[in-house]
Amino acid sequence: MAEPLPPVRYRPDLEHADGEEARTIEELARLFEGMARTVAGHEQHAHRAVHAKGHALLRARLQVLDALPPDFSHGLFAYPANYPALVRMSSPPAEQLPDTVSTPRALAIKVSGVDGPRVDGGGEQHSQDFLMVNGPTFSSPGLDGFLRAARLLAATTERMPRTKEVISATLRGVEAVLEAAGADGTRLRGLGGEPQHHPLGETYFTQVPFLLGPYMAKFSLEPASPALVALRGQPLEPDEDAQREAICTFFNHLDAPVEWILRAQLCRDLERMPIEDASVEWDEADSPWQPVARLSVSSQLAWDSSVSPHAEDALAFSPWHALAAHRPLGALNRARRVVMATSREFRSRFNHCPLREPRADEGWNASA
């Protein structure tokens, strides 16, 4: 196999906003806040405008690997270290839908006690957040497709839950046929055709790029421990809270800590690995994934229905909670900065619950 090309150095001209971007982002912020308001009006409680349904809050440790290649040794990964972390597992959309409506799985990591120069206006001062979903690409190239999908979600929020279950089941069947034929089912998965597999067996991806020091990279989290690998593709019985119950069962019966590998993939060819088009998968043949850290989770109570929802209310995850060395890149990340801030500010006001950054020495978990 030929040696990969050297990584491309970041330049400001590699990011470019079209003339409609600011207007599109403004409409996205209105739509997502509107979805949050609609759900809050029905439930008298505000949830996240996306990935509203939490399945687990897990205490974890992130260990940065020793002797990383120089191209990857930047920011959080500049030297070996061990950090406390919090992991939230969830699923979209803005509603607390039953798991019989099968949507993509999401995983967010908040690494605490991280010091160093921060992204301007990013908010939290000692956290590095990674937000991921179980697919390598976004469903559309840029903000126009994101806006169309948001309009569809807004039009169906808190309406016809039984119809959503039927649509989801139908789309799962279509998606299975497409997979068998070798076709891409990404868009169907986003609409409710996600196969109902165990969330702990999935590989998660940022989908969008970030700085990695002077370079640009995407990140991914892959199961490493045999107990996690064994869950890959394992079906779940359709049930109201199937994911939450499956995760709780796993961590309740765990004998030893399990590990995921956090990986980075450098941009090495701007045509084949674009910065502004999140619908293009960066081919491993062009740029192999490099392990940069281990995420370890021990046996614990993954979710306590009397405590975990309140803990979630006080937490915020954002790709902009970041070191300057990992500044988010591209139009989708620029939109997320505004849209997610609007959503969390509404959620905090409605619930009369100030958001706060966990301390590195704080034992956040489902029962604390």
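Going along each chain's sequence as written, the residues are numbered from 1 onward. Owing to the predicted nature of the model, reporting of local features is limited to residues with pLDDT of at least 70; listing and counting of side-chain atom pairs is limited to 80 or more, with chain, interface and lining totals taken over all residues. To get the side-chain values, take all heavy atoms of the structure and skip hydrogens and water.

- Named according to an unreviewed UniProt entry, the chain is Catalase originating from Pseudoxanthomonas daejeonensis.

### Quick look at the confidence of the model for the chain
Here is step 1: Each residue carries a pLDDT score, the predictor's own confidence in it, on a scale running from 0 to 100. Across the chain, the average pLDDT comes to 87, with 88% of residues at 70 or higher.
Here is step 2: What makes two residues a contact is simply this: any of their non-hydrogen atoms within 4.5 Å. Low pLDDT, under 50, characterises residues 159-192; the predicted model gives this stretch 53 contacts beyond four residues in sequence or across chains.

### A short note on empty space enclosed by the protein
Here is step 1: Residues are called lining when one of their atoms sits within 4 Å of a cavity or pocket point, these points coming from a 1 Å grid over the protein atoms alone, where a cavity is a set in which a 1.4 Å probe fits but cannot get out and a pocket is an open set with protein on both sides within 12 Å along at least five of seven lines. Grid points are joined across faces, edges and corners, and a volume is the space filled by probe spheres set on the points. The full count for this structure, using the stated rule, is three cavities of 30 Å³ or more.
Here is step 2: Lining the largest cavity, in full, are Lys 53, Ser 91, Pro 92, Leu 97, Pro 98, Asp 99, Val 101, Ser 102, Thr 103 and Gln 243.
Here is step 3: The nonpolar class holds Ala, Val, Leu, Ile, Met, Phe, Trp, Tyr, Cys and Pro. Asp, Glu, Lys and Arg form the charged class, and all remaining residues, Gly among them, are polar. A breakdown of the residues in the lining of the largest cavity according to their chemical character gives four nonpolar, four polar and two charged.

### A closer look at the nonpolar core
Here is step 1: Here the nonpolar core consists of buried residues drawn from Ala, Val, Leu, Ile, Met, Phe, Trp, Tyr and Cys, with membership extended through side-chain atoms lying within 4.5 Å. Here's how the labels work: a residue is buried when its accessible area is under 20% of the maximum for its type, exposed when over 50%, partly exposed in between, all with a 1.4 Å probe on protein chains only. By size, the foremost hydrophobic cluster in this structure holds 71 residues, and its most contacted members are Leu 76, Phe 77, Phe 251 and Leu 262.
Here is step 2: Sort the elements by how many residues they give to this core and helix α1 (residues 21-43) lands first, with nine residues.
Here is step 3: With near-sequence residues (within four places) excluded, Phe 77 lies in contact with Val 64, Leu 68, Phe 72, Phe 130, Leu 212, Phe 219, Leu 262, Val 292, Ala 293 and His 326.
Here is step 4: Grouped together as the second largest cluster of nonpolar side chains are nine residues, Met 216, Cys 267, Met 273 and Trp 282 included. Counting from the N terminus, the helices are DSSP H or I runs at least four residues long and the strands are E runs at least two residues long.

### Observations regarding the layout of surface pockets
Here is step 1: In this structure, the second largest pocket spans a volume of roughly 210 Å³.
Here is step 2: Contributing to the lining of the second largest pocket are 16 residues, with Asp 18, Gly 142, Leu 143, Asp 144 and Ala 331 lying nearest its centre.
Here is step 3: Counting only elements with at least two residues in the lining of the second largest pocket, the list comes to α1, α2 (143-156) and α8 (331-351).
Here is step 4: Residue contributions to the lining of the second largest pocket peak at four residues, all from α2.
Here is step 5: Looking at the lining of the second largest pocket residue by residue, the classes come out as four nonpolar, five polar and seven charged.

### Some words on the pattern of salt bridges
Where charged atoms from two side chains of opposite charge come close, those side chains can pair.
Here is step 1: Salt bridges are counted wherever a side-chain nitrogen of Lys or Arg sits within 4 Å of a carboxyl oxygen of Asp or Glu. Taken as a whole and assessed by the stated rule, the structure comprises 18 salt bridges.
Here is step 2: Close ionic contact of Arg 151 with Glu 27 constitutes a salt bridge, the shortest N to O distance being 3.0 Å. A residue pair is termed long-range when its members are at least 10 positions apart, and Arg 151 in helix α2 and Glu 27 in helix α1 qualify at 124 residues.
Here is step 3: Overall, Arg 151 belongs to the partly exposed group, its relative accessible area being 42%.
Here is step 4: Through salt bridges with shared partners, a single ionic network connects Glu 15, Glu 21, Glu 276, Arg 327 and Arg 334.

### Some details on α2
One turn of the α-helix equals 3.6 residues, which is why residues spaced by three or four share an orientation.
Here is step 1: The span one expects for a helix is its residue count, reduced by one, times 1.5 Å. Taking 1.5 Å of rise per residue, the 14 residues of α2 would be expected to cover 20 Å, and the 20 Å separating its terminal C-alpha atoms lies within 8% of that figure.
Here is step 2: All of the buried residues in α2 are Leu 143, Gly 145, Phe 146, Leu 147 and Ala 150.
Here is step 3: Those residues of α2 hidden inside the fold are in contact with α1 and α8.

### Thoughts on the pairing of strand β7 (residues 215-223)
Here is step 1: With eight of its nine residues buried, β7 lies for the most part within the structure.
Here is step 2: Should DSSP find at least two bridges between two strands, the strands are regarded as paired. Bridge count for strand β5 (residues 204-205) against β7 is two bridges, and the pairing is antiparallel. For Tyr 204, the partnering residue across the bridge sits in β7 and is Leu 221.
Here is step 3: Of the pairings in the sheet, the one linking strand β6 (residues 210-212) to β7 comprises three bridges and is antiparallel in character. If you follow Leu 212 over to β7, its bridge partner there is Tyr 215.

### Side note on the side chain of Arg 336
Here is step 1: Here Arg 336 is to be found in helix α8.
Here is step 2: Of the side chains with opposite charge, Asp 129 lies nearest to the buried Arg 336, which makes no salt bridge, at 9.6 Å.
Here is step 3: Excluding anything up to four places from it in sequence, Arg 336 contacts Leu 131, Val 208, Pro 319 and Ala 341. His is not counted, nor are the chain ends, whereas Lys and Arg count as positive and Asp and Glu as negative.

### Quick word on the packing of aromatic side chains
Here is step 1: Only Phe, Tyr and Trp rings are paired, with Trp represented by its six-membered ring, and only when their centres lie within 6.5 Å; those with planes under 30 degrees apart are stacked, over 60 edge-to-face, the remainder tilted. Per the counting criterion, the structure on display carries eight aromatic pairs.
Here is step 2: Their ring planes at 50 degrees and their centres at 5.8 Å tell us that Phe 32 and Phe 146 sit as a pair that is tilted. Here Phe 146 lies in helix α2 and Phe 32 lies in helix α1, a separation of 114 residues in the sequence. Across this residue pair, the class does not change: Phe 32 and Phe 146 are buried.
Here is step 3: When the ring of Phe 77 is compared with that of Phe 219, the centres are 5.9 Å apart and the planes differ by 35 degrees; the resulting orientation is tilted. Placement of Phe 77 in the loop between β1 (53-64) and β2 (81-91) and of Phe 219 in strand β7 is noted, with a sequence separation of 142 residues between them. The pair formed by Phe 77 and Phe 219 is uniform in burial state, with each residue classed as buried.
Here is step 4: An aromatic cluster of at least three residues, connected via ring pairs, comprises Phe 77, Phe 130, Phe 210 and Phe 219.
Here is step 5: The ring of Phe 317 carries Lys 110 above its face, with NZ or CZ at 4.9 Å from the centroid.
Here is step 6: The side chain of Arg 337 reaches across the aromatic face of Trp 320, ending 4.2 Å from its centre. Two conditions define a charge located above a ring, namely a distance within 6 Å from the ring centre to NZ of Lys or CZ of Arg, and an angle within 35 degrees of the ring normal.

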